[in-house]
Amino acid sequence: MSADPKIGIALGGGAARGLTHIPFIEAMDELGLKPARIAGTSIGALLGAGWAAGIKGTDLREYAHDYLGSMRSIVGRIWNTRIKTLSSVIKNSMTMQLDALEVIRSFIPEELPSQFNELKTPLFTIATDFNTWHQVVHHHGDIRCAVAASIAIPSVFRPVEFDGRLLVDGSVVNPLPLDIASRDVDILVGVDVNGSPSDAQKNQEPSLIDVGIGSAQILMHGLISHNLAAFPPDVYIRPHVKAVGALEFWRVKEIIESGDKDKEMFKRQLSNAVEKFIAGQQKKP
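Just so we're clear, the structure is a prediction, and the values are computed from it rather than from any experiment.

Basis of the calculations
Residues numbered from 1 in each chain as written. Predicted model: local features only at pLDDT ≥ 70, side-chain atom pairs only at ≥ 80, totals over all residues. Heavy atoms only, no water. Helix = DSSP H or I, 4+ residues; strand = E, 2+ residues; numbered from the N terminus. Buried < 20%, exposed > 50% of the residue type's maximum accessible area, 1.4 Å probe, protein only. Contact = heavy atoms within 4.5 Å. Areas by Shrake-Rupley, 256 points an atom, 1.4 Å probe, with all protein chains shown as cover. Phe/Tyr/Trp six-rings, centres within 6.5 Å; stacked < 30°, edge-to-face > 60°. Expected span 1.5 Å × (residues − 1). Patch = residues over 30% accessible without salt bridge, like charges linked within 9 Å, V, L, I, M, F, W, Y side chains within 5 Å. Salt bridge = Lys/Arg side-chain N within 4 Å of Asp/Glu carboxyl O. Lys, Arg positive; Asp, Glu negative; His and termini not counted. Charge placed at Lys NZ, Arg CZ, Asp CG, Glu CD. Core = buried A, V, L, I, M, F, W, Y, C linked by side-chain atoms within 4.5 Å. Axes fitted to C-alpha atoms, helices over the stretch in contact; angles between N-to-C directions. Parallel < 35°, antiparallel > 145°, perpendicular 65-115°, else oblique. Nonpolar A, V, L, I, M, F, W, Y, C, P; charged D, E, K, R; others polar. Pairing = 2+ DSSP bridges. Right-handed = clockwise from strand over helix to strand, strands pointing away.

**Q** Mind laying out the overall build of the chain, listing which residues take part and the relevant values?
**A** Helix and strand counts for the chain come out as 11 helices and eight strands. Of all 285 residues assigned to the chain, the portion counted as buried reaches 51%. The contacts in the chain between residues at least 6 apart in sequence include a share of 78% that link residues at least 24 apart. A total of about 14000 Å² of accessible surface is found on the chain, and carbon and sulfur atoms cover 56% of it.

Next up, the structure:
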């Protein structure tokens, strides 16, 4: 109907924890609601790209289980992108940083189009310009390059050269892009998968990568709080994520099930927001 609201949704960054986005994508599908725009940071950009291409949440869940369900599968795909010749082993042995674009090409669904203008829903991905320290928003051009830049976690991935810039993970400047998702919409939704101190693994010594990403997680918490105050969402969900390591994607089933626990609450909140909007429209002369 003409009174249906335009919904903007911000999908945040959170490394492996970001797989908890999937139940909330499913929830919107089940409610028959389609976002008018999707803004995604890091893994939110990756999952948002699939959703914007028309892939259903249930299919994203199945795809994640198939591709991330075991460490062997993940390592095999990364190994194929990482080590191609003896010379590359020697060249990269000191850094061991991954090529974000090659990893993206190995894991994304084949049906994902190559260009933003081929998507069914407008998508905005967030990256960080390493040289200027500014936020970079991609909405046109090559989707794979834009998503690779958005997920390029410092020290894990090499910075991505794209559009004349040297780019790293969008979570460095904007881990929950409510500002981008809020433009020209009636209902603003934020899905915050950054986690909290209660989600940490307290009885296990963290790895070097977990310390780095965990420290970034603390900084991201402050950035998200600022964004929530500046662009308050109509619906905000912060699922309690299972205590998993930042890069333990092979625990995909546990991670997604963490989001399942809040799925029905999210559906009620979003349904109430839609009903409130429609009621307000009907009262207008």
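So that's the structure; there's more coming.
**Q** So, the packing of aromatic side chains: which residues are in play, and what are the values?
**A** Applying the stated criterion across every chain, the model contains two aromatic pairs. When the ring of Phe24 is compared with that of Phe266, the centres are 5.2 Å apart and the planes differ by 65°; the resulting orientation is edge-to-face. Note that Phe24 is positioned in helix H1 (residues 21-31) and Phe266 in helix H11 (residues 263-283), a separation of 242 residues in sequence. For the pair Phe24 and Phe266, a shared accessibility class is recorded, and that class is buried.

**Q** Residues and numbers for helix H9 (residues 208-230), please.
**A** Residue pairs three or four apart in sequence face the same way in an α-helix, which turns once every 3.6 residues. Under the 1.5 Å per step criterion, the end-to-end length of H9 is 34 Å for 23 residues, consistent within 8% with the ideal 33 Å. The inward-facing, buried residues of H9 abut helix H8 (178-181).

**Q** An account of a negative patch on the surface is needed here, citing residue identities and associated values.
**A** A surface patch of negative charge is lined by Asp59, Glu62, Asp66, Glu110 and Glu111. Positionally, Glu110 belongs in the loop between helix H6 (100-107) and strand E3 (123-129).

**Q** Now, about the nonpolar core: what can you tell me, with residues and values included?
**A** Counting residues in each nonpolar core, the largest one holds 68 residues, and the members touching the most others are Phe157, Val189, Phe266 and Leu270. With seven residues, the top contributor of residues to this core is helix H7 (residues 143-151).

**Q** Break down the pattern of salt bridges for me, citing the residues and quoting the values.
**A** Going through the model one piece at a time under the given rule, you end up with 14 salt bridges. Residue Arg105 is joined to Glu102 by a salt bridge in which the shortest nitrogen-to-oxygen separation is 3.2 Å. A residue pair is termed a helical-turn pair when its members lie 3 or 4 positions apart in one helix, as Arg105 and Glu102 do in helix H6 at three residues. In this structure Glu102 comes out as partly exposed when scored by relative accessible area, which is 21%. A single network of salt bridges, built from pairs that share partners, joins Glu26, Glu30, Arg61, Asp260, Lys263, Glu264 and Lys267.

**Q** Account for unusual backbone geometry, with residues named and values stated.
**A** In this structure, Ser155 takes a positive phi of about 80° despite not being glycine. With respect to the helices and strands, Ser155 occurs in the loop between H7 and strand E5 (160-162). According to the relative accessible area criterion, Ser155 is exposed, its value standing at 61%. Its identity is not glycine, yet Asp163 carries a phi of approximately 55°, on the positive side.

**Q** Any chance you could break down the packing of H1 against helix H10 (residues 252-260) for me, citing the residues and the numbers?
**A** Relative to each other, H1 and H10 sit at 50°, their axes nearing to 7 Å. Taken together, the axes of H1 and H10 lie oblique to each other. Residues Ile22, Pro23, Phe24 and Glu26 of H1 form the contact with H10, whose own contacting residues are Ile256, Gly259 and Asp260. In the contact of H1 with H10, the residues fall into four nonpolar, one polar and two charged.

**Q** Describe the environment of Ala15, listing the residues and the values that go with them.
**A** As for its placement among the helices and strands, Ala15 is situated in the loop between strand E1 (7-11) and H1. Separated by 202 residues in the primary sequence, Ala15 and Gln217 have C-alpha atoms spaced 9.8 Å apart. Discounting residues that sit within four places of it in the chain, Ala15 has contacts with Ile43, Ala246 and Phe249.

**Q** Quick one: what's the story with the pairing of strand E4 (residues 135-138), residue by residue and with numbers?
**A** Side-chain alternation along E4 places Val136 and His138 on a buried face and Gln135 and Val137 on a face that remains uncovered. Relative to E4, E3 is paired through four bridges, and the arrangement is antiparallel. The partner of Thr128 across the bridge, within E4, is Gln135. Hairpin geometry of E3 and E4 is characterised by an intervening segment of five residues between the two adjacent antiparallel strands and by a positive phi of about 70° at Trp133.

**Q** An account of the pairing of strand E2 (residues 37-41) is requested, with residue identities and associated values reported.
**A** Of all five residues making up E2, five are buried, and the element is well covered by its neighbours. By the alternation rule, side chains of E2 split into Arg37, Ala39 and Thr41 and Ile38 and Gly40, which are all buried. With four bridges connecting them, E1 and E2 associate as parallel partners. Bridging from a neighbouring strand, Ile9 pairs with Ile38 of E2. With H1 bridging E1 and its parallel neighbour E2, the resulting β-α-β unit is right-handed. Here four bridges tie E2 to E3, and the two strands are oriented parallel to one another. Bridging from a neighbouring strand, Ala39 pairs with Phe124 of E3.

Everything listed here is a matter of geometry and, on its own, says nothing about what the molecule does.
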